[in-house]
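A closer look at the structure
Spelled out from the first residue to the last, the chains are:
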Amino acid sequence: MTSPIDDLQTVRDYLRYASTQFAASPLFFGHGTDNVWDEAVQLVMRSVNLPLENNALFLDARLTRDERAMILERIQRRVDDRVPLAYLLGEAWFMGMPFHVDERVLVPRSPIGELLESGLQPWLGDTEVTRILDLCTGSGCIGIGAAMVFEDAEVDLSDISEDALAVAESNIDLHDVRDRVRTVKSDVFENITGRYNVILSNPPYVDAEDLADMPDEYRHEPELGLAAGADGLDIAHRILAKAADHLTEDGLLIVEVGNSWVALDQAYPDLPFTWLEFENGGDGVFLLRGEDLRAWQARG
């Protein structure tokens, strides 16, 4: 792609150019936007730290040569290498908050954020929340989002990946919650102690067939955060086996399993899964109560 750096000067020029390039390319939108225009707006505006909304004032502002070169390089990498936008920016938004991201973690996109924004109601009821576990935390976005909602709760961000935990640590500092949010290196529940009022998890759940068919954008994400065996349930089985040991009696387990939800539902006919619905899209998220998990375990 020949550089048009001397022809394009303003923010408006680069919005138009990015939109044209994206529309002419076989891009897949699944990491925060779902169309060419929103992708272009995010790339151009956030590359030069401009707001995503109420930004008409800046459209005819001229960009410096360094800014133009950076935006053009990012457009080219998005088109030629199919790098997700969040990795190009080093930033993704979740629950209206920015998070540091790079190729050590998945790009935040879980519908669990919608549940947190509603305070986990009506399922939580009057339960006091003092401890929360974000299992398979990745960037830490779910657990930190929970900490923002439940301001008196202590939150553990757990992951097997030291690389992911390093990113989560940076997000703890970004949101200034180190006084009550910490990271724990753990293979599922291996190093987890005590009981929690809420366990949240967006674990690996992509089955072998879906993993092989993924668009190129997803191949930039760590496979450790995606792949979960032939049926996508390797980690979900382990969570269900031990979750009751780490939940309070009135605690909640909320886990995202995506397209593997049918296989999971069939594998556990005696578990009273509540499959949650979302106004903003997303599915394959179940809720179980601690008392139901213990009753299921007792039946053997």
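Quick caveat: nothing in here was measured; it's all calculated off a predicted structure.

Some points on the side chain of R82
In this structure, R82 sits in the loop between α3 (65–81) and α4 (85–89). Within the local environment of R82, its side chain forms a polar contact with the side chain of E217, the two groups lying 2.8 Å apart. Ignoring sequence-local partners within four residues, the contact set of R82 consists of P26, L27, F28, R77, D216, E217 and H220.

Section: the pattern of salt bridges
Per the stated rule, a full pass over the model turns up 16 salt bridges. Residues R65 and D6 are paired through a salt bridge, measuring 2.7 Å at the closest nitrogen-oxygen approach. Placement of R65 in helix α3 and of D6 in the segment before α1 (11–23) is noted, with a sequence separation of 59 residues between them. In this structure D6 comes out as exposed when scored by relative accessible area, which is 52%. The partner of E39 in a salt bridge is R78, with the nearest N and O atoms 2.7 Å apart. Of the two residues, E39 sits in helix α2 (residues 36–47) while R78 sits in helix α3, which places them 39 residues apart along the sequence. The pair E39 / R78 is uniform in exposure class, with both members buried. Residues joined in a network through salt bridges with shared partners are E39, R78, R82, D216 and E217.

Concerning the nonpolar core
Membership of the largest hydrophobic core comes to 34 residues, with the highest contact counts inside it found for V11, Y14, F22, L43, V44, I71 and I75. Of all the secondary-structure elements, those providing two or more residues to this core are α1, α2, α3, α4 and α7 (162–174). Top contributing element to this core by residue count: α1, with six residues. Leave out the neighbours within four places in its chain, and F22 touches L27, V36, E39, A40, L43, I75, R78 and V79. Counting 32 residues, the second-largest nonpolar core is a separate cluster that includes L115, V129, I172 and L200.

Some remarks on unusual backbone geometry
Following Q121, the chain continues to P122 via a peptide bond in cis, the omega torsion being 10°. Relative to the assigned elements, P122 resides in the loop between α5 (112–117) and β3 (131–135). One non-glycine residue, N54, adopts positive backbone phi at about 50°. Note that N54 resides in the loop between α2 and α3. A residue is classified by how much of its surface remains accessible, and N54, at 76% relative accessible area, is exposed. You will see that C136, though not glycine, has its phi angle at about 65°, which is positive. With respect to the element layout, C136 can be found in the loop between β3 and α6 (141–149).

Here is what the cut-offs are and how they apply
- Residues numbered from 1 in each chain as written.
- Predicted model: local features only at pLDDT ≥ 70, side-chain atom pairs only at ≥ 80, totals over all residues.
- Heavy atoms only, no water.
- Helix = DSSP H or I, 4+ residues; strand = E, 2+ residues; numbered from the N terminus.
- Polar contact = N/O pair within 3.5 Å; in protein donor to acceptor, adjacent residues only side chain to side chain.
- Contact = heavy atoms within 4.5 Å.
- Salt bridge = Lys/Arg side-chain N within 4 Å of Asp/Glu carboxyl O.
- Buried < 20%, exposed > 50% of the residue type's maximum accessible area, 1.4 Å probe, protein only.
- Core = buried A, V, L, I, M, F, W, Y, C linked by side-chain atoms within 4.5 Å.

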